[in-house]
Every structure is written in C-alpha cells, then in structure tokens.
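Overview (structure and organization)
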Amino acid sequence: AVLAGLCLIQSVVLLAVLSLRVEFSPEFTALTPDGFVDIIRAPPLGLWGASLLTVFLTSLSGVGLGLYISTVVSSSDKAMSVVPLALIPQLVFALALMPLPAALASVSYLTGARWGMEALGSITHLLEPRDMTTCLVPGDPFSCELYATVNYDPSTGHVLAVWGVLGLYTAICLALTAWSLRRVDRRVH
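The sections below set out a description of the structure shown in this document. (Residues numbered from 1 in each chain as written. Predicted model: local features only at pLDDT ≥ 70, side-chain atom pairs only at ≥ 80, totals over all residues. Heavy atoms only, no water.)

**A short note on the overall build of the protein**
Within the protein, the regular secondary structure consists of 7 helices and 2 strands. Secondary structure elements in the protein, listed N-terminal to C-terminal, are α-α-α-α-α-α-β-β-α. For the protein, the residues scored as buried account for 37% of the 189 residues in total. Here the contacts in the protein between residues at least 6 apart in sequence split such that 64% fall between residues at least 24 apart. (Helix = DSSP H or I, 4+ residues; strand = E, 2+ residues; numbered from the N terminus. Buried < 20%, exposed > 50% of the residue type's maximum accessible area, 1.4 Å probe, protein only. Contact = heavy atoms within 4.5 Å.)

Laid out in structure tokens, this is it:
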C-alpha cells in the first residue's frame with residue numbers, strides 16, 4: 001500500500017511536469033474517431049486523468065515485478081544485479097524504441113511496459129509505430145510495415161482491456177511474491 005501511494009505521487013508529479021509542455025485538451029479527446037462520446041477521455045477523467053491512471057497502473061506493475069525479484073534473491077546486492085536484467089527487457093519489449101521480429105515481438109506480452117505503452121498510445125490516438133527500414137517509398141512512413149503486435153486501438157473497450165491486463169499483471173506478480181515469501185518462511189521455520 002505504501003509503494004502504491006508512492007507510485008501515485010510519482011505519477012502525478014510526472015504528468016504535472018509533462019503538463020507544462022503538453023496540452024491535455026478535453027476538446028481533442030472527448031470524442032472517438034467515430035464522433036461518439038468517449039467515456040475514458042471525457043470528463044471526469046479526461047486525457048490527463050486517463051494518462052495518470054495508465055502511468056499509475058504501469059508503475060504498479062513495475063512495483064509488483066520488483067517485489068517479486070526481491071523475494072527470489074537472497075541479498076540486496078544480488079537484487080541490484082538482477083534489476084537491470086528485468087528492466088532492459090521492459091524497455092526493449094515496450095515496442096516503442098525499435099521493431100522486433102514477429103516471433104520475438106510476441107514475448108512482449110509478458111512485460112508490463114508493453115501494456116503501458118499500448119494504453120498510452122491508445123489514449124492519445126497515436127499512429128501505430130512503423131519500421132522505418134521497410135518503407136516502400138523513402139520518407140513516407142505510411143508505406144512502412146507496422147511493428148508486430150502493436151495495437152493502438154483508441155476504443156474504450158480496448159483501453160479498459162489493457163488497463164485490466166496491467167492490473168492482472170500486477171496481481172500475478174504480487175501472488176508470486178506472496179508464494180515466494182511463504183516458501184522462504186517454511187524453509188526458515
């Protein structure tokens with residue numbers, strides 16, 4: 001609960017700083033591409049609130065993973081050496097930095113950062129990322145192949161589903177943490 005509170009504070013600060021440079025305009029976000037009212041991006045949440053919830057859920061998934069790592073290793077030194085091994089795949093498999101081969105891209109479904117990026121891309125109506133090395137017409141991004149497994153569908157149902165996946169990811173990490181702690185307690189006693 002304490003870590004969740006810290007995640008919320010960090011998420012608010014991050015988005016407050018971002019708000020200094022980014023316009024979270026309710027006019028842009030209150031309607032779906034079809035012209036219907038979008039319940040996620042419309043008041044009371046709005047684009048800022050939906051982004052806050054996404055960043056908060058993504059950071060909670062990271063906390064869950066971190067807690068699990070801390071129960072699996074026997075010392076803080078070992079935990080510090082394992083953390084980069086957990087963080088680097090989160091960055092690579094978020095599918096925001098570079099494309100991955102289709103066979104490897106499916107592994108991204110196992111990382112929380114990928115789901116956080118998908119939710120943010122959906123909320124902000126981003127165009128799906130494209131592999132700029134595969135363009136049929138040089139300089140025309142619409143002639144390039146889409147990244148494998150990326151879906152920035154802006155529909156309310158899709159965003160809610162991705163939020164659910166982030167919640168499930170966190171719950172699984174916390175369940176693994178509890179299981180690991182029980183296992184350690186049984187060995188000690």
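And the narrative resumes.
**Quick notes on the packing of helix α3 (residues 46–72) against helix α6 (residues 112–123)**
With their axes 9 Å apart at the nearest point, α3 and α6 run at an angle of 175° to one another. When the axis of α3 is compared with that of α6, the two are roughly antiparallel. In this structure, α3 contributes Leu-47, Ala-50, Ser-51, Thr-54, Val-55, Thr-58 and Ser-61 to the contact, and α6 contributes Gly-112, Ala-113, Gly-116, Ala-119, Leu-120 and Ile-123. Here the contact of α3 with α6 is built from residues that sort into 7 nonpolar, 6 polar and no charged. (Axes fitted to C-alpha atoms, helices over the stretch in contact; angles between N-to-C directions. Parallel < 35°, antiparallel > 145°, perpendicular 65-115°, else oblique. Nonpolar A, V, L, I, M, F, W, Y, C, P; charged D, E, K, R; others polar.)

**Some details on the environment of Leu-53**
Here Leu-53 shows up in helix α3. Assessed through its relative accessible area of 29%, Leu-53 is described here as partly exposed. Distance in space between the C-alpha atoms of Leu-53 and Leu-120 is 9.9 Å, their sequence separation being 67 residues.

**A short note on a nonpolar patch on the surface**
On the surface, Val-2, Leu-3, Leu-6, Ile-9, Val-13, Val-17 and Leu-20 cluster together to form a nonpolar patch covering roughly 700 Å² of accessible area. Looking at the secondary structure, you find Val-2 in helix α1 (residues 2–19). (Patch = residues over 30% accessible without salt bridge, like charges linked within 9 Å, V, L, I, M, F, W, Y side chains within 5 Å. Areas by Shrake-Rupley, 256 points an atom, 1.4 Å probe, with all protein chains shown as cover. Salt bridge = Lys/Arg side-chain N within 4 Å of Asp/Glu carboxyl O.)

**Overview of the nonpolar core**
One recurring pattern in soluble globular proteins: nonpolar side chains tend to sit buried together. Ile-123 and Trp-163 are the most contacted members of the largest nonpolar core, which has 13 residues in total. Elements with a contribution of two residues or more to this core: α3, α6 and α7 (156–188). Of all hydrophobic cores here, the second largest spans 7 residues; its members include Phe-93, Leu-95, Ala-105 and Tyr-147. (Core = buried A, V, L, I, M, F, W, Y, C linked by side-chain atoms within 4.5 Å.)

**Describing the state of the cysteines**
Disulfides are covalent bonds that link the sulfur atoms of two cysteine residues. Scanning the entire structure with this criterion turns up 1 disulfide. The disulfide that involves Cys-135 links it to Cys-144, with 1.7 Å between the sulfurs. Looking down the S-S bond of the Cys-135 and Cys-144 bridge, the torsion is 70°, so its handedness is right-handed. Across the pair, exposure class does not vary: Cys-135 and Cys-144 are buried alike. (Disulfide = S-S within 2.5 Å.)

**Considerations on the pattern of salt bridges**
Across all of its chains, the model carries 1 salt bridge by this definition. Glu-118 is the salt-bridge partner of Arg-114, the closest N and O atoms lying 2.1 Å from each other. On the criterion of helical spacing, the pair formed by Arg-114 and Glu-118 is a turn pair, its members being 4 residues apart in helix α6.

**Regarding the packing of aromatic side chains**
Going through the model one piece at a time under the given rule, you end up with 1 aromatic pair. Ring centres of Tyr-109 and Trp-115 lie 5.5 Å apart, and the angle between their planes is 40°; this geometry places the pair in the tilted category. For Tyr-109, a relative accessible area of 37% puts it in the partly exposed group. Among the residues examined, Trp-115 registers a relative accessible area of 12% and is labelled buried. (Phe/Tyr/Trp six-rings, centres within 6.5 Å; stacked < 30°, edge-to-face > 60°.)

**Here's the deal with helix α4 (residues 76–92)**
Helix length check: α4 (17 residues) gives 25 Å between terminal C-alpha atoms against 24 Å at 1.5 Å per residue, within 8%. Where α4 bends most, the angle comes to about 25°, and this point is Val-82, followed within four residues by the proline Pro-84. Considered for burial, the residues of α4 that qualify are Ala-79, Ala-86 and Gln-90. (Expected span 1.5 Å × (residues − 1). Bend = angle between axes of the 7 residues up to and from the residue.)

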